[in-house]
Structures are given as structure tokens and as C-alpha cells.
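One-letter residues, chain by chain:
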Amino acid sequence: MTRAEHLAWAKERALAYVDMSLLPMAVASMTSDLSKHEAFGGEIYRGLIAAGVAEAMSGDSNRVRHWIEGFG
């Protein structure tokens, strides 16, 4: 799977959790799925994951959706 395909797959799965208002699961899904591809990793992604946890803790589904959709 290409990087773009993998990213689209991860976003689709994570956004399904957002739609169910399962924000911590959305972040967990996104981070888990990203870790399954060699293109995602390193310090920058660890920082983005920490931001996702903060967004999930906010309880605001729009913020989590924005976090997920912001990966590119």
C-alpha cells in the first residue's frame, strides 16, 4: 500500500470513531494505523500524536476531526 493509500485508510477508520463520538478510540486508531507504515514515525509524528491525545481529552469532536484530517 502506498503512503497516500495507507493514510486515506487510517483517516477513514479514525473518522468512523469520531462519527460515533468515541474520540479516544479515534486517536488510538489513527496512531495505531500510522505506526503500521514505515513512512510514519519519528519525532514529528510522536508530537502530533501527543496533540491528538490532547484533542481527544477536550471532548470536542470537531477538534479531533480536524486533527485527523490534518495529516497529509
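J.: An account of the packing of helix H1 (residues 3–19) against helix H4 (residues 61–69) is requested, with residue identities and associated values reported.
T.: Across the interface, H1 lies against H4 with an axial gap of 10 Å and an inter-helix angle of 180 degrees. Our classification of the angle between H1 and H4 gives roughly antiparallel. Within the contact between the two elements, H1 uses Lys 11, Ala 14, Leu 15, Val 18 and Asp 19 and H4 uses Ser 61, Val 64, Arg 65, Ile 68 and Glu 69. Here the contact of H1 with H4 is composed, by residue class, of 5 nonpolar, 1 polar and 4 charged.

J.: Pulling in residues and values, what's your account of the nonpolar core?
T.: Soluble globular proteins tend to pack their nonpolar side chains together in the buried interior. In terms of nonpolar packing, the biggest core is built from 17 residues, with Val 18, Met 30, Leu 34, Val 64, Ile 68 and Phe 71 touching the most fellow members. Within the residue set of this core, elements represented by two or more residues are H1, helix H2 (23–34), helix H3 (42–58) and H4. Dropping the residues within four chain positions of it, Phe 71 is found in contact with Leu 7, Lys 11, Met 30, Leu 34, Tyr 45 and Leu 48.

J.: Report on a nonpolar patch on the surface, specifying residues and quantitative values.
T.: The grouping of Met 20, Leu 22 and Met 25 at the surface amounts to a nonpolar patch, some 280 Å² of accessible area in total. For Leu 22, the location among the structural elements is in the loop between H1 and H2. Overall, Leu 22 belongs to the partly exposed group, its relative accessible area being 37%.

J.: Kindly report on unusual backbone geometry, identifying the contributing residues and their values.
T.: Its identity as a non-glycine residue notwithstanding, Ser 21 has a phi of 60 degrees, on the positive side. Exposure remark for Ser 21: the relative accessible area of 58% places this residue in the exposed category.

J.: Can you break down the packing of aromatic side chains residue by residue, with the values?
T.: Applying the stated criterion across every chain yields a total of 1 aromatic pair. Residues Trp 67 and Phe 71 carry aromatic rings whose centres are separated by 5.0 Å and whose planes lie at 90 degrees to one another, so their mutual orientation is edge-to-face. No difference in accessibility class separates Trp 67 from Phe 71, as the two residues are buried.

J.: Could you give an account of the side chain of Ser 29, naming the residues involved and the relevant values?
T.: Along the chain, the position of Ser 29 falls in helix H2. Looking at Ser 29, the relative accessible area reads 7%, which means it is buried. Among residues more than four places away in sequence, those in contact with Ser 29 are Arg 13, Ala 14 and Tyr 17.

Cut-offs and rules
- Residues numbered from 1 in each chain as written.
- Predicted model: local features only at pLDDT ≥ 70, side-chain atom pairs only at ≥ 80, totals over all residues.
- Heavy atoms only, no water.
- Axes fitted to C-alpha atoms, helices over the stretch in contact; angles between N-to-C directions.
- Helix = DSSP H or I, 4+ residues; strand = E, 2+ residues; numbered from the N terminus.
- Parallel < 35°, antiparallel > 145°, perpendicular 65-115°, else oblique.
- Contact = heavy atoms within 4.5 Å.
- Nonpolar A, V, L, I, M, F, W, Y, C, P; charged D, E, K, R; others polar.
- Core = buried A, V, L, I, M, F, W, Y, C linked by side-chain atoms within 4.5 Å.
- Buried < 20%, exposed > 50% of the residue type's maximum accessible area, 1.4 Å probe, protein only.
- Patch = residues over 30% accessible without salt bridge, like charges linked within 9 Å, V, L, I, M, F, W, Y side chains within 5 Å.
- Areas by Shrake-Rupley, 256 points an atom, 1.4 Å probe, with all protein chains shown as cover.
- Salt bridge = Lys/Arg side-chain N within 4 Å of Asp/Glu carboxyl O.
- Phe/Tyr/Trp six-rings, centres within 6.5 Å; stacked < 30°, edge-to-face > 60°.

Purely geometric numbers; function is a separate question.
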